[in-house]
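Reading the structure
One letter stands for each residue in the lines below.
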Amino acid sequence: MLDFFTIFSKGGIVLWCFQGAGVTESFTGPVNALIRSVILQERSGNNSFSHEALSLKYKLDNEFELVFVVGFQKILTLTYVDKFIDDVQLHFRDRYKNQLEQKGALKLLNNNFEFEEDFKMLLREAEESCKARGPVSMRTFNESLKSQKTVKSMIETKGGDKGKEQGGKKNKNAKKEAAAAEPVKGDQDKASSASQRTVENGNQGLTQEEIMQKRREEFFRKHMGAPVEKPSKSPKPQKPKKKQMRDWHGGSSTKGLDYSEQNGNGTHEAGDQSQDSQIDLGMQLNSMKGELQSVDCESSEDEEEEEEEEGVVVAETSKKISKRSGGFGGMFGMLKGLVGSKSLTRDDMEPVLDKMRDHLIAKNVAADIASQLCDSVAKKLEGKVMGTFTTVASTVKQALQDSLVQILQPKRRVDILRDVLEARSQRRPFIITFCGVNGVGKSTNLAKISFWLIENGFSVLIAACDTFRAGAVEQLRTHQRRLNSLHPPEEHGGRPVVQLYEKGYGKDAAGIAMEAIAYARNQAFDVVLVDTAGRMQDNAPLMTALAKLIAVNMPDLVLFVGEALVGNEAVDQLVKFNQALADHSMSDKPRLIDGIVLTKFDTIDDKVGAAISMTYITGQPIVFVGTGQTYNDLRSLNARAVVSALMKA
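Notes on the structure follow. (Residues numbered from 1 in each chain as written. Predicted model: local features only at pLDDT ≥ 70, side-chain atom pairs only at ≥ 80, totals over all residues. Heavy atoms only, no water.)

Take the overall build of the chain next. What the chain contains, in helices and strands, is 20 helices and 13 strands. As displayed, the chain has an accessible area near 39,500 Å², and 52% of this comes from carbon and sulfur atoms. (Helix = DSSP H or I, 4+ residues; strand = E, 2+ residues; numbered from the N terminus. Areas by Shrake-Rupley, 256 points an atom, 1.4 Å probe, with all protein chains shown as cover.)

Quick look at the structure:
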């Protein structure tokens with residue numbers, strides 16, 4: 001039934017393995033895929049993993065740094081696997097505890113773990129227990145509770161036992177008496193309401209007590225000489241302010257009278273500015289040669305100060321406790337909450353994990369992702385022996401911080417400048433396709449990336465494949481003209497460094513991209529940036545068109561542009577974009593999203609959770625971060641800075 005079972009250390013040393021009868025394929029491929037995709041990427045919240053036709057289940061032993069992995073065919077439904085892997089872990093630990101406590105890889109290699117007989121015994125017991133349970137047979141009618149009921153006990157009548165004894169005739173009479181009593185009760189209510197309310201001149205709708213109170217107040221006003229309050233009148237509407245008269249003769253300067261360069265609101269019109277002034281403004285941009293600067297997040301100095309303050313508070317409270325309860329009581333009070341050579345359990349970590357989960361959700365991490373991260377940290381720490389004077393909260397926080405850094409760090413090399421140089425050596429353009437939902441800033445960030453590439457000496461062709469949105473082509477043409485003014489053709493041998501390839505609106509986007517790539521190859525352009533129309537992830541026709549564009553043109557890099565403002569929506573967008581690209585692809589290995597461009601990062605302060613959500617879902621790195629509206633506002637991701645901002649209270 002089982003294909004394989006293996007036990008290995010987190011250092012990569014296989015301690016023992018088992019392979020099922022008739023299984024000829026090696027299990028190193030599935031196990032290595034599990035290590036790369038789950039264990040190293042801190043995604044151990046779920047204890048199952050699928051690889052091709054196999055389903056793998058694993059369990060981490062953090063005390064001895066071991067991993068237990070079992071593999072079986074996907075089509076099989078083995079209900080005993082979870083309990084079986086727990087039994088194997090406990091049995092293996094108990095039997096080889098002395099050998100496992102010896103630190104060092106050589107000592108593990110020298111030990112001989114003969115576990116086959118015990119394993120087969122545990123497997124036999126698990127399979128027999130599964131067979132013994134079997135399907136539950138239906139009960140007969142005589143065994144059911146319904147058979148023990150009498151007909152009389154199942155009759156339900158209104159009015160209780162008295163109604164049952166006196167019969168239906170009594171019930172009918174009772175209903176008639178109740179119906180006759182209702183109008184009498186209604187007449188009494190009307191009479192009482194009429195007596196409470198009296199109708200007098202000026203006192204309509206007032207009760208008797210309110211009328212007496214009113215008369216009493218009038219009596220005191222007459223005899224005590226108190227001024228009679230006049231009814232308040234509604235305030236008069238204020239008249240709108242008149243336009244102030246302009247002083248034509250009082251001022252000595254005539255500058256205030258010059259309105260030729262201003263509109264009605266007193267602000268200058270941008271449309272009248274000359275092209276030379278635009279070029280001068282553009283010259284103020286900083287150089288972006290070489291690698292991009294990393295994104296700057298707020299440092300964690302405030303967090304460190306808060307931790308120091310918490311430490312002072314703990315010290316002061318411990319001193320107070322020691323004064324009250326003497327030496328030993330104060331010492332135990334001060335050490336309360338410390339782990340001290342104790343193995344962590346799930347109950348110890350649960351309160352801290354709940355707070356961490358709420359904190360991540362408040363920082364814009366998707367709720368499902370936050371729960372999976374906390375579960376992964378719990379599995380990573382469960383059973384681990386902590387050092388003395390280490391709190392549970394600090395241990396969990398440090399483990400979560402390490403997991404977040406590991407998630408954000410790219411698992412593959414992302415060096416676009418090097419890839420462009422390699423494509424240039426092959427005499428072909430490097431193709432980047434941008435996709436995403438509406439309004440996230442695809443065209444704006446495409447222009448920023450164009451400026452960065454131009455600064456590094458590459459020529460760029462922009463393919464206007466957004467043939468749906470009004471003004472999309474004109475927006476790209478404006479960026480092209482602006483970039484060419486910043487880098488005049490005279491400085492590059494008379495050739496524009498940026499050109500726009502467009503065929504207007506209403507055309508097939510995949511065809512335009514194919515023609516643009518062919519044009520770039522003939523004209524020796526270094527990079528082709530393909531701009532696509534924004535589309536919602538639920539729009540099936542547009543998602544099919546995007547999958548067609550990517551499948552036909554096979555770009556070198558597919559970048560998903562997402563904004564940093566989204567929370568749970570980021571998960572839905574990325575999952576459905578990847579699913580659509582996979583479903584509508586014509587090849588066995590479809591092209592999915594290769595990287596992420598995170599925009600509007602300057603608008604979120606320290607709520608940077610969208611970066612975690614997007615990276616966790618796709619497993620792909622964040623290549624660019626947009627931090628503003630100018631061409632210089634493009635950064636690379638600094639994983640540690642983002643995590644420190646995320647963990648800051």
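A separate point is the sheet that holds strand E7 (residues 460-465). Spatial strand order, E8-E7-E9-E6-E10-E11-E12-E13: eight strands in an open sheet with mixed pairing. The open sheet is flanked by strand E8 (498-501) and strand E13 (634-635), the only strands paired with a single partner. Bridge count for strand E12 (residues 622-626) against E13 is two bridges, and the pairing is antiparallel. Bridge pairing in E13 places Gly-626 opposite Leu-634. Seen against the sheet, helix H14 (residues 442-455) touches strand E6 (430-435), E7, E8, strand E9 (527-532), strand E10 (557-563), strand E11 (595-599), E12 and E13 and runs at an angle of roughly 175° to E9. Strands in contact with helix H19 (residues 609-618) are E10, E11 and E12; relative to E11, the strand with the most contacts, it is inclined by about 165°. (Pairing = 2+ DSSP bridges. Contact = heavy atoms within 4.5 Å. Axes fitted to C-alpha atoms, helices over the stretch in contact; angles between N-to-C directions.)

Turning our eyes to something else, we now look at the nonpolar core. Core analysis: the largest hydrophobic core is formed by 115 residues, its most contacted members being Trp-452 and Phe-624. Here this core takes eight residues from helix H12 (residues 392-408), the largest share from any one element. Those residues in contact with Trp-452 that lie beyond four places of it in its chain are Met-288, Gly-290, Leu-292, Ile-416, Leu-417, Phe-624 and Leu-634. Residues Leu-2, Phe-18, Phe-72 and Leu-122 belong to the second largest nonpolar core, which totals 28 residues. (Core = buried A, V, L, I, M, F, W, Y, C linked by side-chain atoms within 4.5 Å. Buried < 20%, exposed > 50% of the residue type's maximum accessible area, 1.4 Å probe, protein only.)

What follows concerns helix H1 (residues 28-39). Among all positions of H1, only Pro-30, Val-31, Ala-33, Leu-34 and Val-38 are buried. Considered in projection along H1, the buried side chains sweep an arc of 160° and stay on one side of the axis. On its buried face, H1 is in contact with strand E1 (4-9), strand E3 (48-51), strand E4 (54-61) and strand E5 (66-73). (Arc of directions from axis to C-beta.)

In this structure, Lys-548 sits in helix H17 (residues 540-553). The partly exposed category is assigned to Lys-548, whose relative accessible area is 41%. With 37 residues separating them along the chain, Lys-548 and Ser-585 place their C-alpha atoms 7.0 Å apart. Leaving out residues up to four positions away in the same chain, Lys-548 has contacts with Asp-508 and Ala-510.

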